Amino acid sequence: MARRPLCPEAEDDEEEYQSSLEPPVPAGLGELTAPQSALADFLRVDTDLLAVAAQSSTAAPEPAARLARKELARLVSALPDEEKDALLVRLALGPEPHLRSELVHRLRETSAPATTPGRRTAARLLDAAHTRRAERHGHAERDWLRARATRLTALAAESDVIWNQAEAHIASKRTSAYDAAVALLRDLRDACAHAGHGVDFQQRLGLLRDTYRSRPGLIHRLDSHGLR
């Protein structure tokens, strides 16, 4: 599956795409929180690429209960010495309103299950995202075609009513009414073609054009939309 380059220099990076492995995938990537989704939208993260990356992500862990003193002591002792020293320096330099919540969050990360290590290359991820995007667009197009076919079938069944509406608009001799009549006839043309009644429509359209041939504003609008 061919991939579209992400940038003009992407073709030169094909070897890197083939060899670079994805990083460890965090848990819960398939169920982003509202702030995470907002950030992804703001950064314009490709939704198909994000969905493909999330396929190897485990479910997000349930919110943990308040850590007991003994558990806190164990988690603190497990932190790297450099990280503990940095936290103590920050504490000694002065109060930081969010330092406690940051530390607790870090300790919970330490106690969380290990994330799934990355196994796919960048090339495989891009290929999978491209495939998913193509499938999504294909589904959307098929849904649109089905909805359009249903609508055209319904319009064809009401052809007489629509003709009467169009002729009523034309009879008013108002410019806006001409536009409304042409819009109805354009839709009806497609509906009759869909239902196999295209010849009948063209015959009736010919009669309408002949009847109102002295109205150049209407005839011009009909011609502009291929209603000849």
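Refer to the structure presented above.
In short, a report on the structure. (Residues numbered from 1 in each chain as written. Predicted model: local features only at pLDDT ≥ 70, side-chain atom pairs only at ≥ 80, totals over all residues. Heavy atoms only, no water.)

## Description of the overall build of the protein
Then, number 1: Each helix and strand in the protein was counted, giving eleven helices and zero strands.
Then, number 2: Element order for the protein, N to C, with α for helix and β for strand: α-α-α-α-α-α-α-α-α-α-α.
Then, number 3: Residues counted as buried form 24% of the 228 residues belonging to the protein.
Then, number 4: Of the contacts made within the protein by residues no fewer than 6 positions apart, 74% connect residues no fewer than 24 positions apart. (Helix = DSSP H or I, 4+ residues; strand = E, 2+ residues; numbered from the N terminus. Buried < 20%, exposed > 50% of the residue type's maximum accessible area, 1.4 Å probe, protein only. Contact = heavy atoms within 4.5 Å.)

## A short note on the nonpolar core
Then, number 1: Core analysis: the biggest nonpolar cluster contains 22 residues, and Trp 163, Ile 170, Phe 201, Leu 218, Leu 222 and Leu 227 have the highest contact counts within it.
Then, number 2: For this core, the elements supplying multiple residues, two or more each, are α7 (122–157), α8 (159–171), α9 (175–195), α10 (198–211) and α11 (216–224).
Then, number 3: In terms of residue count, α9 provides more of this core than any other element does, seven residues in total.
Then, number 4: Ignoring sequence-local partners within four residues, the contact set of Ile 170 consists of Tyr 178, Ala 181, Leu 208, Tyr 212, Arg 215 and Leu 218.
Then, number 5: Leu 67, Leu 79, Leu 87 and Leu 99 belong to the second-largest nonpolar core, a separate cluster that totals six residues. (Core = buried A, V, L, I, M, F, W, Y, C linked by side-chain atoms within 4.5 Å.)

## A short note on the pattern of salt bridges
Then, number 1: Under the criterion given, the structure shown has 18 salt bridges.
Then, number 2: When the shortest N-O distance is used, the salt bridge between Arg 90 and Glu 96 registers 2.7 Å.
Then, number 3: Judged by relative accessible area, Arg 90 falls into the partly exposed class, the value being 24%.
Then, number 4: Here Glu 102 and Arg 90 are joined by a salt bridge, their closest N and O atoms 2.9 Å apart. You can see Glu 102 sitting in helix α6 (residues 99–111) and its partner Arg 90 sitting in helix α5 (residues 81–93), a full twelve residues away along the chain. (Salt bridge = Lys/Arg side-chain N within 4 Å of Asp/Glu carboxyl O.)

## Overview of α9
Then, number 1: Along its 21 residues, α9 runs 30 Å from first to last C-alpha, staying within 8% of the 30 Å computed at 1.5 Å per residue.
Then, number 2: Looking only at α9, the buried set comprises Ala 177, Tyr 178, Ala 181, Val 182, Leu 185, Leu 188, Ala 191 and Cys 192.
Then, number 3: The inward-facing, buried residues of α9 abut α7, α8, α10 and α11.
Then, number 4: Of the residues one or two after α9, Gly 196 is the one with positive phi, at around 85°. (Expected span 1.5 Å × (residues − 1).)

## A word on the side chain of Ser 57
Then, number 1: Mapping Ser 57 onto the fold places it in the loop between α3 (47–53) and α4 (69–78).
Then, number 2: A polar contact is formed between the side chain of Ser 57 and the backbone nitrogen of Leu 29, at a distance of 3.0 Å.
Then, number 3: If near-sequence neighbours (up to four positions away) are discounted, Ser 57 is found in contact with Val 25, Pro 26, Ala 27, Gly 28, Leu 29 and Gly 30. (Polar contact = N/O pair within 3.5 Å; in protein donor to acceptor, adjacent residues only side chain to side chain.)

## Notes on unusual backbone geometry
Then, number 1: Of note, the phi angle at Arg 44 is positive, near 60°, even though the residue is not glycine.
Then, number 2: Relative to the helices and strands, Arg 44 resides in the loop between α2 (34–42) and α3.
Then, number 3: Relative accessible area serves as the criterion here: at 76%, Arg 44 is assigned to the exposed category.
Then, number 4: Look at Lys 173: it is not a glycine, yet its phi comes out positive at around 65°.
Then, number 5: Inspection of the secondary structure puts Lys 173 in the loop between α8 and α9.
Then, number 6: On the basis of relative accessibility, which here comes to 58%, the residue Lys 173 falls in the exposed class.

## A word on the packing of α7 against α9
Then, number 1: Put simply, α7 and α9 touch, their axes get as near as 8 Å, and they point 100° apart. The orientation of α7 with respect to α9, classified from their angle, is roughly perpendicular. Contact with α7, carried on its side by Arg 148, Ala 149, Arg 151, Leu 152, Thr 153, Leu 155 and Ala 156, involves Asp 187, Leu 188, Asp 190, Ala 191, His 194 and Ala 195 of α9 and no other residues of that element.
Then, number 2: Taken together, the residues that form the contact of α7 with α9 break down as seven nonpolar, two polar and four charged. (Axes fitted to C-alpha atoms, helices over the stretch in contact; angles between N-to-C directions. Parallel < 35°, antiparallel > 145°, perpendicular 65-115°, else oblique. Nonpolar A, V, L, I, M, F, W, Y, C, P; charged D, E, K, R; others polar.)

## Digging into the environment of Glu 158
Then, number 1: One can find Glu 158 in the loop between α7 and α8.
Then, number 2: Overall, the relative accessible area of 40% leaves Glu 158 in the partly exposed class.

## Notes on a nonpolar patch on the surface
Then, number 1: A cluster of nonpolar side chains, contributed by Leu 39, Phe 42, Leu 43 and Val 45, occupies part of the molecular surface with about 430 Å² of accessible area.
Then, number 2: Looking at the element boundaries, Phe 42 is found in helix α2. (Patch = residues over 30% accessible without salt bridge, like charges linked within 9 Å, V, L, I, M, F, W, Y side chains within 5 Å. Areas by Shrake-Rupley, 256 points an atom, 1.4 Å probe, with all protein chains shown as cover.)

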